[in-house]
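# Working through the structure, step by step
Below are the chains, spelled out letter by letter.
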Amino acid sequence: MDQFVIQGGTQLAGEVTISGAKNAALPILFAALLADGKSTFRNVPQLRDIGTTEALLKTLGAEVAWQGDTLVVDGSCVDKVLAPYELVKQMRASVLALGPLLARFGQAQVSLPGGCAIGARPVDLHIQGLARMGADIKVENGYIHAKSAGRLKGAEIFMDMVSVGATENLLMAATLADGRTVLENAAQEPEVVDLANCLIAMGAKISGAGSKCIVIDGVERLQGCEHAILPDRIETGTFLVAAAMSGGEVLCRHADYHSLEPVIEKLRAANALIELRDDQIYLDMRGRELKAVNIKTMPHPGFPTDMQAQFTALNVVAKGSATITETIFENRFMHVPELQRMGANIRLEGNTAICGDTTRLTGAQVMATDLRASASLILTGIVAEGETVVDRIYHVDRGYQRIEDKLSRLGANIKRRHN
Ligand SMILES: CC(=O)N[C@H]1[C@@H](OP(=O)(O)OP(=O)(O)OC[C@H]2O[C@@H](n3ccc(=O)[nH]c3=O)[C@H](O)[C@@H]2O)O[C@H](CO)[C@@H](O)[C@@H]1O
Ligand SMILES: C=C(OP(=O)(O)O)C(=O)O
């Protein structure tokens, strides 16, 4: 298994080009299953999760071809409706095949994704919503078996908690349903909006994406489209935090600051100088004292849970005490014991991490447990004294495109070791 070996104590400086957003690209690639034609997606990040999605689309019969960072998916040849456990277990987002397959073919069998390191992550809202649209759904032998007699039917669906994935699955399913679907208490994440824009380019009739109520009027068929994936706000935030923690500076190119407002506000509160220019974000921390900031994760437009681990690391390096409260996932503090091994002064109380002043951070052998936890360990390794070895970096490769190359170009001393 690959590891990262990091020599700490460097100050980052330079420019980084942000890739397309993993969490927008995944639902959008599954949306290609709805289209009776070829879709061309630009700015697709090259990640392990995208490779898993590609494999799943091919298993379902789709033709998939790369041209640089453009992925062409031909949904007209899809002729299977089974998403097998072997692929779903590698990536929970595979459950996003359910809505499109059921809506287009009237049936789907998708393995239940199961939990992961950060929480149980049930998919009950996806299933209940599709059942409200007339689907007959059974869960048997670890699979969701869904069928619909004829087309799905538009319905009013109120989700009692905000779920990005359920909103996306139901949004996709509703595009080909008979009549109007209203999704209440929908997720407002920028990735949901990007998916809706892509579906609209395919011919779907959608209004309200980005608000709590999305209205979809079903259409007969969707055609292929061209769509550029929006920049990855979490990758952007990770590089901004990395530069801030190291007392350096970074210019993020091809970024979208509109999707990152809660993170930018917290970085300003942490005393970073930030300038926003068109599709660029510049952060300068040189000669400024980094201050610890209180964080509470919330659905968008609140502070994103996918930036929680990185801000925990920031607070470890910053001056002062602050709390980090995680409200989205029940077990998203696996990075804390690893950070403690590096000397971090953090205490966990329920769903809150209390970060005090840390006197000395030293490199250590640490284990990545999930995607963003891994990022927090890398960032801390860059500023700690001596060598840090991060194990199980396949988690990082799920969501960051060659993070070691991008960090090296900013001056970090980080190498991938193949074991
Ligand atoms: C591929 C992708 O886009 N992943 C993102 C997506 O995950 P994902 O779509 O899985 O996250 P959700 O928004 O669905 O989950 C939010 C909360 O709702 C719960 N829940 C969800 C669905 C359901 O049917 N029942 C239920 O109880 C989950 O267990 C969790 O506690 O949004 C999360 C929250 O912003 C992000 O951290 C992930 O990076
Ligand atoms: C939790 C994440 O992703 P996923 O939902 O794919 O596990 C993430 O991107 O931080």
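Residues numbered from 1 in each chain as written. Chains lettered and ligands numbered in written order. Predicted model: local features only at pLDDT ≥ 70, side-chain atom pairs only at ≥ 80, totals over all residues.

This brings us to the site of ligand 1. The local shell around ligand 1 holds 20 residues, among which Asn23, Leu125, Ser163, Val164 and Gly165 are the closest. Contributions of two or more residues to the shell around ligand 1 are made by helix H1 (22-31), helix H5 (124-132) and helix H6 (164-174). Looking at the shell around ligand 1 residue by residue, the class counts come to 10 nonpolar, six polar and four charged. (Near = placed C-beta within 6 Å. Helix = DSSP H or I, 4+ residues; strand = E, 2+ residues; numbered from the N terminus. Nonpolar A, V, L, I, M, F, W, Y, C, P; charged D, E, K, R; others polar.)

Right, let's get into the site of ligand 2. Taken together, the neighbourhood of ligand 2 is formed by Asn23, Arg92, Ala93, Asp306, Leu371, Arg372 and Gly399. When its residues are assigned to classes, the shell around ligand 2 shows two nonpolar, two polar and three charged.

Take the nonpolar core next. In this structure, Ala31, Leu33, Ala97, Leu98, Leu102 and Ala173 are the most contacted members of the largest nonpolar core, which totals 75 residues. Once residues within four sequence positions are removed from consideration, Ala97 is found in contact with Phe30, Leu33, Leu56, Ala83, Ala108 and Val110. Core analysis: the second largest hydrophobic core is formed by 71 residues, Val16, Ala322, Ile324 and Leu379 among them. (Core = buried A, V, L, I, M, F, W, Y, C linked by C-beta atoms within 7 Å. Buried ≥ 20, exposed ≤ 12 C-beta atoms within 10 Å, placed from the backbone. Contact = placed C-beta atoms within 7 Å.)

What follows is about the UniProt feature "modified residue: 2-(S-cysteinyl)pyruvic acid O-phosphothioketal" (unreviewed entry) in the protein chain. UniProt annotation of "modified residue: 2-(S-cysteinyl)pyruvic acid O-phosphothioketal" (unreviewed entry) refers to Cys116 when read in the numbering used here. Checked against the element boundaries, Cys116 lands in the loop between strand S7 (107-111) and H5. Those residues in contact with Cys116, other than ones at most four positions away along the chain, are Arg92, Arg121 and Asp370. (UniProt positions renumbered as here; feature names shortened; annotations may be inferred.)

Spatial strand order, S18-S19-S21-S20: four strands in an open sheet with mixed pairing. In the strand order of this sheet, the two ends are held by strand S18 (295-296) and strand S20 (346-349), each with one partner. Looking at chain direction, S18 and strand S19 (residues 322-325) are connected through two bridges and run parallel. Its bridge partner being in S19, Lys296 is matched across the sheet by Thr325. Across the sheet, helix H10 (residues 308-317) lies against S18, S19, S20 and strand S21 (352-355), angled at about 165° from S19, the strand it touches most. (Pairing = 2+ DSSP bridges. Axes fitted to C-alpha atoms, helices over the stretch in contact; angles between N-to-C directions.)

Here we come to the pairing of strand S11 (residues 180-184). Of the two faces of S11, only the one carrying Thr181 and Leu183 is buried; Arg180, Val182 and Glu184 on the other face are not. With H6 bridging strand S10 (residues 156-158) and the parallel S11, this β-α-β connection has right-handed handedness. Inspection of the sheet shows S11 paired to strand S13 (residues 213-217) by five bridges, in the antiparallel sense. The residue of S13 that forms the bridge with Leu183 is Ile214. (Right-handed = clockwise from strand over helix to strand, strands pointing away.)

In this model, helix H8 (residues 233-245) (13 residues) spans 18 Å end to end at C-alpha, consistent with the 18 Å of a helix rising 1.5 Å per residue. In terms of burial, H8 is a largely internal element, 13 of the 13 residues being buried. Where H8 ends, the next residue or the one after it, Gly247, has phi of about 70°, a positive value. (Expected span 1.5 Å × (residues − 1).)

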